[in-house]
Amino acid sequence: VPLPAGAHIEWGGQFQNLQAATQRLSIVVPLCFLGIFGLLFMALGSPIDGLGNQLFVFHMAQHVLLTDLAAVLLDVDHFKKVNDTHGHVAGSQLLVEMAHVLKGCVRDRDVAVRYGGDEYVVLLRGTDSGTALKVAERIRRAVEGHRFLATEGRALSLTTCIGVASYPEHTQDKATLLDLADRAMYRGKKGPRNVVYVAAKDLEATPPARHSQPTGS
């Protein structure tokens, strides 16, 4: 199937006109075929840190879920202070390092995605909540022990709050999987932070304002 007009790929670089191209593809290519090429295009959509983008994780959660799946959602604590103190260039460099730390904690078959701002999602295929909790704790310890921007002479220490939810243990609805992980993560934000929480029925909903404001809290 030829690429639609205007679509362009630079291997090892950025994918141009990402949303327009995937929208055209969704019209001319059946979903089962888009599962291969669409994921490739969307995975190339985050040139800052080399991870996939939010569109990618939604596609994975909605259309590639065939077995147990766990979502690990993490948010860097007080990331705004990094930008305010060291500048946005340093903040972007830190996000690249965060991606490397994250990739080092998961399997090759897992999907690591920059969810927006300083938030990340890892989709663990064929994984229950118990195993996902161990992975989340591994990530938390790795972030806590890493010294960011050390080559720039800064050696910053950071922590992260992490939420874990799994399908079908916590939800039978794939659309709510990320919401439950987000609620669990937000529970950690309300405490001392640098913590992992697993989804539970009594966790309050994330305030809508949190998604309409800059991240980094």
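Refer to the structure above for everything that follows.
Here's a quick rundown of the structure. (Residues numbered from 1 in each chain as written. Predicted model: local features only at pLDDT ≥ 70, side-chain atom pairs only at ≥ 80, totals over all residues. Heavy atoms only, no water.)

### Digging into the environment of Lys103
- Looking at where Lys103 falls in the secondary structure, it is placed in helix α5 (residues 88-103).
- The class for Lys103 is partly exposed, based on a relative accessible area of 39%.
- Spatially, the C-alpha atoms of Lys103 and Val122 are 9.4 Å apart, while their sequence positions differ by 19 residues. (Helix = DSSP H or I, 4+ residues; strand = E, 2+ residues; numbered from the N terminus. Buried < 20%, exposed > 50% of the residue type's maximum accessible area, 1.4 Å probe, protein only.)

### Remarks on the pattern of salt bridges
- Tallying each qualifying case throughout the model produces 8 salt bridges.
- Arg140 is paired through a salt bridge with Glu144; the nearest N and O atoms lie 3.3 Å apart. Placement of the pair is Arg140 and Glu144 together in helix α6 (residues 129-145), with a separation of 4 residues, close to one helical turn.
- In this structure Arg140 comes out as buried when scored by relative accessible area, which is 12%.
- With relative accessibility at 34%, the residue Glu144 sits in the partly exposed group.
- Its salt-bridge partner being Asp179, residue Arg183 comes within 3.1 Å of it at the nearest N-O pair. Within this pair, Arg183 and its partner Asp179 are both found in helix α7 (residues 177-189), separated by 4 residues, close to a single helical turn.
- By relative accessible area, Asp179 is classed as partly exposed at 32%.
- Counted as one network, the salt bridges with shared partners bring together Glu137, Arg140, Arg141 and Glu144. (Salt bridge = Lys/Arg side-chain N within 4 Å of Asp/Glu carboxyl O.)

All we've got here are geometric facts, nothing functional implied.
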